[in-house]
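The residues making up each chain are set out below.
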Amino acid sequence: MTKVINVENIITKFGNTLIHDDISFSIHKGEIFGILGGSGAGKSTLLRQLIMLQKFQSGNIQILGESLRGISHKTAHTLRQKWAVLFQFGALYSSLTVLENICLPLLEYTELPKGLIENMAMTKLSMVGLSGESAYLYPSELSGGMKKRVGLARALALDPELLFLDEPTSGLDPASAEAFDKLIVELRDMLGFSVIIVTHDLDTIRSALDRFIVLHNKKICFDGTYDAAINSDMTFLKEFLKAN
Amino acid sequence: MQRIQIQYLNANNLKVLIGNDWTKESLSNANTIEKEFLNLVDKTIIFDFINCLTIDSAGAVEILWIKNHLIKDGCKITYVNIDENHSKLLSFYEKNLQDKPQFSKKEYLFIERIGKWIIEGFQGVGNFLSFVGEMLFALLKLIISPWNFRFTAFIKHVDTSAIQAIGIITILSFLIGLVVAYQSAGYLAKVGADIFIVDISVMSVFRELSPIITAILITARSASSFTAEIGTMKITEEIDAMRTMGLDPFIFLVIPRVFALIITMPFLVFIADMAGMAGAYLVSHFQLGISLNDFIDRMYLEISVNELYVGLGKSPIYGAIIGVVGCYRGFQATGSTDSIGKLTTKSVVSALFWVIICDAIIAIALTKLGI
């Protein structure tokens, strides 16, 4: 299997506080990969480092064969078009309608005719389970769950090879959360992208993730599948998976 | 390799060869529905995917739209030589194809728009009056139980709205006094009425310029920040949180802000008056050679102290207008963050508008009263 992301010996410090101490892992193509850990364990920091929003002090990250250390602006720009991020609260542009939000990346990065772009946007909207009626609504008129779905539709606009999700099911009711997990798995099966999820939703961990890492005490304390995790005899891991 | 190639097998049977790439790159600047397909009616069409290598979402949606268009015109479509993955992808996207709904923004007639505008105007007045009413009710509660007055918040707003504004108000008023005196100096010297420079500068600065300049600066600094602060609190549900705790947002947020402005405005105007006089004296001295004693004597003997009182007296009214309008606009914030930007603009514009209207009314009233 080809590695889409390879993280080697990452060390992160905020001032004198050590966040990550020598972290290494890799993510394969087509995998749904989880980054887990308690609050303040540095999950979100790690995600932000992967998507080049935050720097790391030492080590290296390779994404789709490009090394993020000393990356040129041009490479970074092309890399950013190959991945998409769904932020925790959707991060929709509040001055644009749902349809305009989804069309935006297509209008900026492709030369496709306007009609086709709108047809594509409507299709993506349906893929995430929203009907056409929401197309002209503004983000402030949407519920939290709908915002996340629209955010996902926008993330899917450019057919990304990598999809980063930051706590995709937080704030959703159990039924919507389950539907969202199913949707991610279904889209992955259909479109073949790799998914990196930061989460601490036990249902997501159980039903959606192929493999995950658990951050604890600044290090990775587990790297493997859910079955391996529940059968391991590490007390922290057992508590973590039960307590959540 | 062409993206699409049409071969006629016979009059009613066609074969459409799908090209190598159906991706965002290859579809750049394409027409949404290819012209060739526009006049095909009641044909049997075979889509041949033998050359097709890659299809992405743009390609799939485009192929499906062509297909739907043809089906609508009574054609029959079949796929041949299609890769299993492509077939799965196409049926996945086909399931999710949906039309863009009609944008149902209602067009209003001119007369309807006027009507809407008038009704919205009345609603605006109603909202504002109910806001003022709520504020007065809070004030009444404070009169009954004055210990509920938020003294710390009041002091904080005195500091941010007034004390921190002293520097800029002094500098600008000094310059205004200087400019007014300078503009008149040349003319007065020509007619030999040098000493009247004192009358002109004192009257214009005390009566009009200082209060207006101070009001403009306070509007720019405080009305905008009141709207932005309260608007953000409204959007982040902090105001709802206060209400559920039984804390009256008018007592906590509005009254301290409005009172801070009402009470500090006369002091700020007084400072502006002094700075303006300093500017005027400087010009009188260097341009017309009037000594400090002459300047003060002239003020003392010829100019009624009413000039000062009028300027100071109307400034609390301006303070009240600025504070109430700033807070009122903040409470109007709803939903999204971009409403705050619009409301801040509105707040500054309408606060200034009402300050100047009020100034005009006071000027006329005072003239009638002979003050």
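Residues numbered from 1 in each chain as written. Chains lettered and ligands numbered in written order. Predicted model: local features only at pLDDT ≥ 70, side-chain atom pairs only at ≥ 80, totals over all residues.

### Concerning the overall build of chain A
Next, step 1: Helix and strand content of chain A: nine helices and 10 strands.
Next, step 2: For 244 residues, the compact-globule formula gives about 18 Å, and the C-alpha radius of gyration of chain A, at 18 Å, lands near that figure.
Next, step 3: For chain A, the spread of C-alpha atoms along the principal axes amounts to about 55 × 45 × 35 Å.
Next, step 4: Looking at the 244 residues of chain A, the share that counts as buried comes to 41%.
Next, step 5: Pairs at least 24 residues apart make up 66% of the contacts formed inside chain A by residues separated by at least 6 positions. (Helix = DSSP H or I, 4+ residues; strand = E, 2+ residues; numbered from the N terminus. Rg over C-alpha atoms; globule rule 2.2 N^0.38 Å. Buried ≥ 20, exposed ≤ 12 C-beta atoms within 10 Å, placed from the backbone. Contact = placed C-beta atoms within 7 Å.)

### Things to note about the overall build of chain B
Next, step 1: Along its length, chain B carries 11 helices and six strands.
Next, step 2: In terms of C-alpha radius of gyration, chain B reaches 36 Å, well past the compact-globule figure of 21 Å for 371 residues.
Next, step 3: Taken along the three principal axes of its C-alpha coordinates, chain B extends 110 × 60 × 40 Å.
Next, step 4: Out of the 371 residues in chain B, the part that is buried amounts to 32%.
Next, step 5: Taking the contacts inside chain B whose residues are at least 6 apart along the sequence as the reference set, 86% of them involve residues at least 24 apart.

### Points about the pairing of strand 3 (residues 32-37) of chain A
Residue and element names in this part refer to chain A.
Next, step 1: Of all six residues in strand 3, five are buried; the element is thus mostly enclosed.
Next, step 2: Two strands pair when backbone bridges link them, and strand 3 and strand 8 (residues 194-198) are joined in this way by four bridges, in the parallel orientation. Its bridge partner being in strand 8, Ile32 is matched across the sheet by Val195.
Next, step 3: As paired elements, strand 3 and strand 9 (residues 211-216) share five bridges and run parallel to each other. Bridge assignment links Phe33 to a residue of strand 9, and that residue is Arg211. (Pairing = 2+ DSSP bridges.)

### Observations regarding the domain arrangement of chain B
Next, step 1: Under the domain assignment, chain B is made up of domain 1 (4-96) and domain 2 (149-369).
Next, step 2: One C-alpha centre belongs to domain 1 of chain B, the other to domain 2 of chain B, and the line joining them spans 71 Å. (Domains from an automatic or database assignment.)

### Examining the sheet that holds strand 8 of chain A
All names here are of chain A.
Next, step 1: Read from one edge to the other, the open sheet built from six strands follows the order 6-7-8-3-9-10, with strand pairing classed as mixed. Only two strands of the sheet have a single neighbouring strand rather than two, namely strand 6 (83-86) and strand 10 (219-224). Averaged over all neighbouring strand pairs, the angle between strand axes comes to 15°, with direction disregarded.
Next, step 2: As defined by bridge partners, strand 9 adjoins strand 10 across five bridges and the pair is classed as antiparallel. Looking across to strand 10, one finds that Val214 is bridged to Phe222.
Next, step 3: Contacts between helix 1 (residues 43-50) and the sheet are confined to strand 3, strand 7 (162-166), strand 8 and strand 9, with strand 3 contributing the most and set at about 140° to the helix. (Axes fitted to C-alpha atoms, helices over the stretch in contact; angles between N-to-C directions.)

### Examining the interface of chain B and chain A
Next, step 1: Opposite the 26 residues of chain B that make contact, chain A presents 24 residues.
Next, step 2: Listed by contribution, the elements that provide at least two residues to the side of chain B that touches chain A are helix 1 (57-72) and helix 2 (84-96) of chain B.
Next, step 3: By residue number, the principal contributor to the side of chain B that touches chain A is helix 1 of chain B, which donates five residues.
Next, step 4: In terms of residue class, the side of chain B that touches chain A is made up of 10 nonpolar, 10 polar and six charged. (Nonpolar A, V, L, I, M, F, W, Y, C, P; charged D, E, K, R; others polar.)

### Some remarks on the environment of His285 of chain B
All names here are of chain B.
Next, step 1: Note that His285 resides in helix 8 (residues 249-288).
Next, step 2: Note on His285: 15 C-beta atoms within 10 Å, which makes it partly exposed.
Next, step 3: Spatially, the C-alpha atom of His285 lies 57 Å from that of Ser336, the residues being 51 residues apart in sequence.

### Remarks on the sheet that holds strand 1 (residues 4-8) of chain B
Residues and elements named next belong to chain B.
Next, step 1: In spatial order, the strands read 1-2-4-6; together these four strands make up an open sheet with mixed pairing. This sheet does not close on itself; its edge strands, each paired only once, are strand 1 and strand 6 (76-80). Strand-to-strand twist of the sheet, defined as the mean angle between neighbouring strand axes without regard to direction, takes the value 20°.
Next, step 2: The pairing of strand 4 (residues 44-48) with strand 6 spans five bridges and is parallel. Residue pairing across strands places Phe47 opposite Tyr79, the latter belonging to strand 6.

### Remarks on unusual backbone geometry
Next, step 1: With a phi angle near 50°, Asn9 of chain A is a residue other than glycine that sits in the positive phi range.
Next, step 2: Relative to the elements of secondary structure, Asn9 of chain A occurs in strand 1 (residues 3-14).

### Concerning the packing of helix 10 (residues 306-331) of chain B against helix 11 (residues 338-369) of chain B
Residues and elements named next belong to chain B.
Next, step 1: Between helix 10 and helix 11, whose axes approach to 9 Å, the crossing angle comes to 150°. The pairing of helix 10 with helix 11 is recorded here as roughly antiparallel in orientation. The handedness of the crossing between helix 10 and helix 11 is right-handed. Contacts between helix 10 and helix 11 involve Val310, Lys314, Ile317, Tyr318, Ile321, Ile322, Val325, Gly326 and Arg329 on the former and, on the latter, Leu343, Lys346, Ser347, Ser350, Ala351, Trp354, Val355, Cys358, Ile362 and Leu366.
Next, step 2: For the contact of helix 10 with helix 11, the class distribution of residues is 13 nonpolar, three polar and three charged. (Parallel < 35°, antiparallel > 145°, perpendicular 65-115°, else oblique. Left-handed = near helix turned anticlockwise from the far one by under 90°.)

### Overview of the packing of helix 6 (residues 196-235) of chain B against helix 10 of chain B
Residues and elements named next belong to chain B.
Next, step 1: Two elements in contact, helix 6 and helix 10, have axes whose closest approach is 8 Å; the angle formed by their N-to-C orientations is 15°. The orientation of helix 6 relative to helix 10 falls into the category roughly parallel. Helix 6 and helix 10 meet at a crossing whose hand is right-handed.

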